[in-house]
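Tertiary structure, described
Residues per chain are reported as follows:
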Amino acid sequence: MIRINLKINGSIHTLDVPPEMPLLWALRDKLNLVGTKYSCGIGICGSCTVLVNGNPLHACAVPASAMAGKEIITIEGLSPDGSHPVQKAWNDEDVPQCGYCQAGQILTAVALLARNPAPSDEDIDVAMSGNLCRCGTYPRIRKAIKRAAEYASRERGAS
Amino acid sequence: MKTTEQKPGLSRRAFLKVVIMASGSLMIGVTKASTATIAKAAGEPWIPNLYVRIDRDGRITIVSKNPEAGQGVKTALPMVVAECLEVDWKTVHVEQAPLDDRYGRQVVGGSRGTPDGWDDLRIAGAGALYLLTAAAARKWSVPASQCIARNGSIVHRPSDRSARYETLLDIAAGLPVPDVSELKLKRRPGEFSLLGSFVPGVDNPKIVTGQPLFGCDIRIDGMLYAIYEKCPAYGGKVRSANIEEIAKLPGVTHAFVVEGTQDLTGLLPGVAIVAKSWWEADSARRRLRVTWRSGHTDSTIDYDTKAEGLSREAGATLRSDGHVETALESAKTVVTASYYYPFVSHANMEPQNCTALYHESGAMELWAPSQNPKAGRILIAETLGIPENSIRVNLTRIGGGFGRRLVNDFMVEAAWIAREIRGAVQLQWSREDDMRHDFYRPAAWHHFTAGINDRNSMIAFDHHFVTFGKDGRPASGAGIPSGHYPAGLVPHFRLRRSVIETNVPTGPWRSPGHSAYCWAYQSFFDEVALAAGRDPLAFRLDLLSKSYGKPPLDLTRTRATLELAASKAGWGRKLDDNRGLGMAFHFDHGGFVSHVAEVVADGSRVKVEKVYSAVDVGPVINLSGAKNQVEGCVIDALSTAQLEITFANGAAEQGNFDNYGLLRINQSPEVECHFLQSDNPPSGLGEPPIAPATPAITNAIFAATGTRIRKLPLIRSGIRI
């Protein structure tokens, strides 16, 4: 066991973890932050995506101990009331079917929109192709990202 | 999962019951004679099949009794109550029911949630409204006929007085309950205001903020985490395992052998490792050394050889109409082709898991993402030898079902481990456990011969189906009903069946059977149309114009979907040489669906650009949920068309998404969905759109490339997507 400090959703958490324990399991089993989902465990499906310093990262494939000093945002910390433009768009387009992969989809979309506020279909396909959805919500993910871009643009205009 | 015909009208006798609760809330329930009798006999408080509760503060609560696996039932069914109760959807709260026999059937499967709930939900809503209207009429001493409901209030039109529902509860509770036959139930799309509109899912706020909802999200104080290692060759027993060494590894609290049973759908033999975190349990597993005892060596190569041998034999005749052999001899043209599709996995994004809490009293409580929790409770009771009434099962949201979670092996494993450690445990399967211990959609071979007459119509159809099973009987999900089309659509028809013995577990996979064999039929129809020199649409409309005996499907409704999909796709329009349209129709689980797919090819690489879908499932309840199911089914069909599970030494060879690569967003088509909103009773949509999507796509691939897809996955026919 090693003791580490992780900055998650703006708060510092001190926890004891086995040195190799992936961030995913530190979140889920040590901190009870269960919004980040396990699915493949080998970093290819995107269900466990979190934001690390603003970039999407597969939490199943990196040790928690390597994340000290970094800004980690999980789905719980995006905005607790669901008011982030991507969360609003995801609800309004009714993207989820089973909903299991959607935390990872949403955070990947957040990172895309942060660097590309008006992505094309192709931009979306490239950015989102690391996130699997077994229910086939892909057409709605495309629509929701465009809607989120509109919401964000309106918010920028209003402020 | 059986296909059931929906009968119009109220098929079962329902009763309304009204209770004023201590809190002053009014509960209006619907029950069936059978469940009311159960409750009475057991001396338990009465729980209706479903209910509406109106609180003093105007909050409306509707219980959702079925598990939610992404099919949208938790949103769509309460919408029906809200529609009939004339309330603002925003004031409605939906509560997930636990497993309780008094609710009746609590299963996700067979697209039955909507048709089963339709009557009861309308009765609950209309019954509540009837009482509230009568209460307002009594309050004002006016005839009820002068009162109407508007957005949560009863309005007396002549005087313009109005009263919110929550102010009428006490009076309503004292009124005689109407007989169900007195209620006027809406049924036509034209009568609806909420139904048919686009309503986001009730769990969306929790999903987009990552709140606990799913089975694997359950956390209990002191809970431990478990993995369960089973023999890769199904049903193998543990000969020996290094459990003493495993028990000493970091974080591990328990390691033990489970003898298990020989039931492939129950508690298989294995080794349980329990630890303080799942990762520690799974890390310990990497050091686990088990010697298995198993005699099973099934392999895909062996299956291929057996199938080839069986295809030369006659097989068992399941149905014979007319004189198929004579008709083929005298036919103008005879077409022969063979089709093969592989085993496929359900690949739920949420790997199987279950949380179980063992109480010292011997009672158990479980949190299970199960599509059929009652069957899970029975399995646990029988396997652990404990009374069923000592087991409480809570239903969690399900991260993808598709039929996999109709089998409850993961529930009984969790229960066994919890009792062994005398505490709380969450069993979480790894992705590899999930893919290697699935109940696969079985592979099959279809050998077809069709005869065409001098008017270019198909008049004879001879079909030899080589499938999988045990003791000569098809395994779960491996059969074809003998009345399936084109039986009944041609005068001369024969269906023969041969069975390959297998030890591989099979089971229902989204639209069981249909989602596999529809592809073979509808692809071959295109081949017959081509040989007859006919357009695939004209050929199909001709086939659907006449039946011999009882029609195998409603011809009028089927033709209407086919014509609508063709018209929306611009069937017959001029296309570039590397572009193609393909079509297919189908009927299953009460729904009629046709698709036209548009594909563009670059050599052997194809892109499915767009699919035009025409659907008749009666009135659409939630437009969003309905379209979601159509879009999802089309994408599932394309995804699955490029996948296969193969076996060697009795075990599955694929274990994760690296070699079982689900479709990604960049490969995903646009889906344009059109509904024919008839006033037939509604049927479910989780299944009907998938079956015809696969052949519509492969027929379009043929149109674009000239390559006829007779083997799946697509790569076996030389096509990549």
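For clarity, every value in this text was computed on a predicted model and none was experimentally measured.

1. Quick look at the overall build of chain A
Looking only at helices and strands, chain A has six helices and five strands in total. Each helix and strand of chain A, placed in order from N terminus to C terminus, yields the pattern β-β-α-β-β-β-α-α-α-α-α. Its C-alpha atoms give chain A a radius of gyration of 16 Å, near enough to 15 Å, the size a compact globule of 159 residues would have. Reported as C-alpha extents along the three principal axes, the dimensions of chain A are approximately 45 × 35 × 25 Å. Out of the 159 residues in chain A, the part that is buried amounts to 56%.

2. Re the packing of helix 10 (residues 373–384) of chain B against helix 11 (residues 409–421) of chain B
All names here are of chain B. The N-to-C vectors of helix 10 and helix 11 enclose an angle of 45°; their axes lie 9 Å apart at closest approach. Classified by the angle their axes make, helix 10 and helix 11 are oblique. Helix-helix and strand crossings are classified by hand; for helix 10 and helix 11 the assignment is right-handed. Judged by residue contacts, G376, L379, I380, T383 and L384 of helix 10 engage M411, V412, A415, W416 and R419 from helix 11. A per-class count over the contact of helix 10 with helix 11 returns seven nonpolar, two polar and one charged.

3. A closer look at the environment of V324 of chain B
All names here are of chain B. Mapped onto the elements, V324 comes out in helix 9 (residues 324–330). Residue class for V324 comes out buried when judged on the 22 C-beta atoms lying within 10 Å of it. Considering only alpha carbons, one finds V324 and R494, 170 residues apart in sequence, at a separation of 6.5 Å. Apart from residues no more than four positions distant in its own chain, V324 is found in contact with A460, D462, H492, F493 and R494.

4. Let's talk about the domain arrangement of chain B
Residues and elements named next belong to chain B. Along its sequence, chain B is carved into domain 1 (14–203), domain 2 (221–295 + 348–436) and domain 3 (300–344 + 440–717). Placing a centre on the C-alpha atoms of domain 2 and another on those of domain 3 gives a separation of 37 Å. Counting from both sides, the interface comprises 15 residues of domain 2 and, opposite them, 16 residues of domain 3. Residue composition of the side of domain 2 that touches domain 3, grouped by class: eight nonpolar, four polar and three charged.

5. Topic: the pairing of strand 4 (residues 55–58) of chain A
All names here are of chain A. As judged from the four bridges shared by strand 3 (residues 49–52) and strand 4, these two strands associate in the antiparallel manner. From the neighbouring strand, T49 faces strand 4, where its bridge partner is H58. Counting the residues in the hairpin turn of strand 3 and strand 4 gives two residues, including N53, whose phi is positive at 50°.

6. Some remarks on the domain arrangement of chain A
Residue and element names in this part refer to chain A. Annotation of chain A at the domain level lists domain 1 (2–77) and domain 2 (85–158). Taking only C-alpha atoms into account, the centre of domain 1 sits 22 Å from that of domain 2. Contact residues are listed per partner, giving 14 residues for domain 1 and 13 residues for domain 2. Looking at side-chain class alone, the side of domain 1 that touches domain 2 contains six nonpolar, seven polar and one charged residues.

7. Describing helix 7 (residues 278–285) of chain B
The element helix 7 of chain B is extensively covered by neighbouring structure, given that seven of its eight residues are classed as buried. Those residues of helix 7 of chain B that are buried are in contact with helix 1 (23–30) of chain A together with strand 9 (224–230), helix 6 (243–247), strand 11 (252–258), strand 12 (270–275) and strand 19 (424–428) of chain B.

8. Considering the sheet that holds strand 8 (residues 161–164) of chain B
Residues and elements named next belong to chain B. The three strands lie next to each other as 6-7-8, forming an open sheet whose pairing is antiparallel. Of all the strands in the sheet, the pair left with one neighbour each is strand 6 (147–150) and strand 8. Across this sheet, the average inter-strand angle for adjacent strands is 25°, counted without regard to direction. Looking at chain direction, strand 6 and strand 7 (residues 153–156) are connected through four bridges and run antiparallel. Residue A149 lies in a different strand from strand 7, and its bridge partner there is I154.

9. Some points on the sheet that holds strand 5 (residues 71–73) of chain A
In a beta sheet, neighbouring strands are held together by backbone hydrogen bonds and run either parallel or antiparallel to one another. Residue and element names in this part refer to chain A. Strand order in the open sheet formed by five strands is 2-1-5-3-4, and the pairing between neighbours is mixed. Edge positions in the sheet fall to strand 2 (11–17) and strand 4, since each of these pairs with one other strand and no more. Adjacent strand axes in the sheet meet at a mean angle of 45° when their direction is disregarded. Sheet analysis places strand 1 (residues 2–8) next to strand 2, joined by seven bridges and oriented antiparallel. Residue R3 lies in a different strand from strand 2, and its bridge partner there is D16. Packing against the sheet, helix 4 (residues 102–115) makes contact with strand 3 and strand 4, and its axis sits at approximately 35° to strand 3.

10. What to know about the packing of helix 14 (residues 536–543) of chain B against helix 15 (residues 555–569) of chain B
All names here are of chain B. As a packed pair, helix 14 and helix 15 sit with axes 10 Å apart at the nearest point and diverge in direction by 165°. When the axes of helix 14 and helix 15 are compared, the pair comes out roughly antiparallel. Crossing angle aside, the handedness with which helix 14 passes helix 15 is left-handed. Facing helix 14, whose interface residues are L537, R540 and L541, helix 15 presents R559, L562 and A566. Broken down by class, the residue content of the contact of helix 14 with helix 15 amounts to four nonpolar, no polar and two charged.

11. Re the interface of chain B and chain A
Residue-level contacts link 50 residues of chain B with 47 residues of chain A. Mapped onto the side of chain B that touches chain A, the elements with two or more residues apiece are helix 5 (204–209), helix 7, helix 16 (623–641) and strand 29 (670–675) of chain B. With six residues, helix 16 of chain B is the largest single contributor of residues to the side of chain B that touches chain A. In terms of residue class, the side of chain B that touches chain A is made up of 21 nonpolar, 17 polar and 12 charged.

12. Some remarks on the pairing of strand 26 (residues 605–616) of chain B
Residues and elements named next belong to chain B. Across 11 bridges, strand 25 (residues 591–602) lies against strand 26 in antiparallel orientation. The residue bridging E598 from the neighbouring strand is K610, located in strand 26. The antiparallel hairpin formed by strand 25 and strand 26 contains two residues in its connecting segment, where G603 sits at a positive phi of about 65°.

Each value, and the rule that gives it
- Residues numbered from 1 in each chain as written.
- Chains lettered and ligands numbered in written order.
- Predicted model: local features only at pLDDT ≥ 70, side-chain atom pairs only at ≥ 80, totals over all residues.
- Helix = DSSP H or I, 4+ residues; strand = E, 2+ residues; numbered from the N terminus.
- Rg over C-alpha atoms; globule rule 2.2 N^0.38 Å.
- Buried ≥ 20, exposed ≤ 12 C-beta atoms within 10 Å, placed from the backbone.
- Axes fitted to C-alpha atoms, helices over the stretch in contact; angles between N-to-C directions.
- Parallel < 35°, antiparallel > 145°, perpendicular 65-115°, else oblique.
- Left-handed = near helix turned anticlockwise from the far one by under 90°.
- Contact = placed C-beta atoms within 7 Å.
- Nonpolar A, V, L, I, M, F, W, Y, C, P; charged D, E, K, R; others polar.
- Domains from an automatic or database assignment.
- Pairing = 2+ DSSP bridges.

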